[in-house]
Amino acid sequence: MNEKDDKEQGAGKAPEAPEGQAKKGEEILQVLRKSADFTRELLKENERLRFRVAQMAEEMASSGKGEGGVESALVEELKKKLKAVEEEKTKIAARFQEVEKENADFANRYIEIEQENNVLANLYIATYQLHSTLDLNEVLRVIIEIVINLVGAEQFGLVLLDERSHELRAVATEGISKNDIPPVRLGEGIIGTVAKTGEDYFSKDINAPDRLNPLFPMVCIPLKIKERVIGVLVIYSLLQQKDAFTTLDFELFNMLAGHSATAIFSSKLYTESERKLSTIQGFIDLLTKQEAK
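Definitions and cut-offs
Residues numbered from 1 in each chain as written. Predicted model: local features only at pLDDT ≥ 70, side-chain atom pairs only at ≥ 80, totals over all residues. Heavy atoms only, no water. Helix = DSSP H or I, 4+ residues; strand = E, 2+ residues; numbered from the N terminus. Polar contact = N/O pair within 3.5 Å; in protein donor to acceptor, adjacent residues only side chain to side chain. Salt bridge = Lys/Arg side-chain N within 4 Å of Asp/Glu carboxyl O. Buried < 20%, exposed > 50% of the residue type's maximum accessible area, 1.4 Å probe, protein only. Core = buried A, V, L, I, M, F, W, Y, C linked by side-chain atoms within 4.5 Å. Contact = heavy atoms within 4.5 Å. Pairing = 2+ DSSP bridges. Axes fitted to C-alpha atoms, helices over the stretch in contact; angles between N-to-C directions. Phe/Tyr/Trp six-rings, centres within 6.5 Å; stacked < 30°, edge-to-face > 60°.

1. Let's talk about the side chain of Thr133
In this fold, Thr133 is placed in the loop between α2 (16-130) and α3 (136-151). Looking at Thr133, its side chain comes within polar contact range of the main-chain nitrogen of Asp135, at 3.1 Å.

2. Some thoughts on the pattern of salt bridges
Side chains bearing opposite charge may pair, as long as their charged atoms lie close to each other. Within this structure, the stated rule accounts for 8 salt bridges. Residues Glu112 and Arg109 are paired through a salt bridge, measuring 3.2 Å at the closest nitrogen-oxygen approach. Of the two residues, Glu112 and Arg109 both sit in helix α2, 3 residues apart, roughly one turn of that helix. Among the residues examined, Glu112 registers a relative accessible area of 39% and is labelled partly exposed. Its relative accessible area of 40% is what places Arg109 among the partly exposed residues.

3. Side note on the nonpolar core
Counting residues in hydrophobic clusters, the biggest one holds 35 residues, and the most contacted among them are Val147, Ile235 and Ile264. For this core, the secondary-structure elements that each account for two or more residues are α2, α3, β1 (153-162), β5 (219-225), β6 (228-238) and α5 (247-292). Of the residues forming this core, the biggest block, 9 residues, is contributed by α5. When sequence neighbours within four positions are dropped, the list of residues in contact with Ile235 reads Val147, Val151, Ala153, Gln155, Phe156, Pro217, Met218, Val219 and Phe253. If you look at the next biggest cluster of nonpolar residues, it comprises 15 residues, including Leu168, Ile190, Val229 and Tyr236.

4. Focus on the sheet that holds strand β2 (residues 167-174)
Taken in spatial order, the 6 strands line up as β3-β2-β1-β6-β5-β4 in an open sheet, and their pairing is antiparallel. Sheet topology places β3 (184-185) and β4 (201-202) at the edges, where each strand pairs with a single neighbour. Sheet topology places β1 next to β2; 7 bridges connect them, and they run antiparallel. Counted as the bridge partner of Asp162 is Glu167 from β2. Of the strands in this sheet, β1, β2 and β6 are in contact with α3, which crosses β1 at around 145 degrees.

5. Quick word on the environment of Thr197
Tracing the backbone shows Thr197 in helix α4 (residues 189-197). For Thr197, a relative accessible area of 47% puts it in the partly exposed group. Considering only alpha carbons, one finds Thr197 and Gly187, 10 residues apart in sequence, at a separation of 8.1 Å. One polar contact links the side chain of Thr197 to the main-chain amide nitrogen of Glu199, over a distance of 3.4 Å.

6. Brief notes about the packing of aromatic side chains
In the structure shown here, the tally under the stated rule is 7 aromatic pairs. Taking 5.8 Å as the distance between ring centres and 50 degrees as the angle between the ring planes, the aromatic pair formed by Phe202 and Phe253 counts as tilted. Here Phe202, found in strand β4, pairs with Phe253, found in helix α5; they are 51 residues apart in sequence, far enough to count as distant. Taken together, the aromatic side chains of Phe202, Phe245, Phe250 and Phe253 make up a single cluster linked through ring pairs.

Structure, rendered in structure tokens:
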């Protein structure tokens with residue numbers, strides 16, 4: 001009985017097994033469902049993250065492209081400004097060169113004007129000195145000073161034409177003796193030819209070896225009253241510091257050609273008139289004394 005009962009009791013407990021298994025299966029299903037839900041959530045999150053990554057990559061690409069465009073625009077703008085600055089620099093440089101050239105022209109012109117003023121001042125002084133006296137010796141002295149101080153000649157002489165003998169004779173010299181310049185007939189040699197033609201003579205080589213030869217001067221300036229030649233200024237050498245003639249020299253030569261001739265001619269006429277007047281006055285005094293007796 002007891003064994004039967006135990007068997008019956010054991011047989012009565014057997015049906016409980018499916019219920020426990022079902023419960024456990026339900027628990028497993030719930031776990032699986034949660035796992036599936038969690039997996040789905042993971043997949044969704046993964047998809048969302050992938051979409052976000054793609055979106056961010058696109059944004060970054062768009063942003064990079066935008067920055068490149070802005071940078072390109074800035075570069076183009078800077079290039080334009082640089083080109084404008086270069087053009088302005090070129091214009092300024094060209095204008096600077098023009099101003100430099102104008103300044104050089106102004107400076108050269110200023111020097112020329114200053115030289116012209118000096119020439120005019122020297123010519124005025126020389127002309128005034130030449131016509132300030134009627135004494136022939138004083139006139140000759142002034143001419144000598146002009147040639148020394150203004151022309152810069154070292155050895156030269158002044159020869160006058162004797163209209164009776166048609167010879168040119170030295171009346172004043174500097175650096176050489178009057179006897180060193182022999183008389184020259186009108187039309188002979190360089191000096192005689194200049195006196196006859198009335199044209200200036202300038203040697204091509206002022207340092208020629210025969211320069212100290214009295215018959216071969218480096219310069220001959222005829223002293224003329226209109227077309228009438230009364231003498232010649234002959235120059236044989238220049239001072240050591242002077243190696244060429246300047247514009248002032250030629251202006252002085254032109255002045256000497258006319259004003260010196262006028263001053264010499266006037267002083268000679270005055271001297272002759274004074275001599276004649278003295279002679280006439282002597283006769284008058286002699287006649288007066290005889291009448292008084």
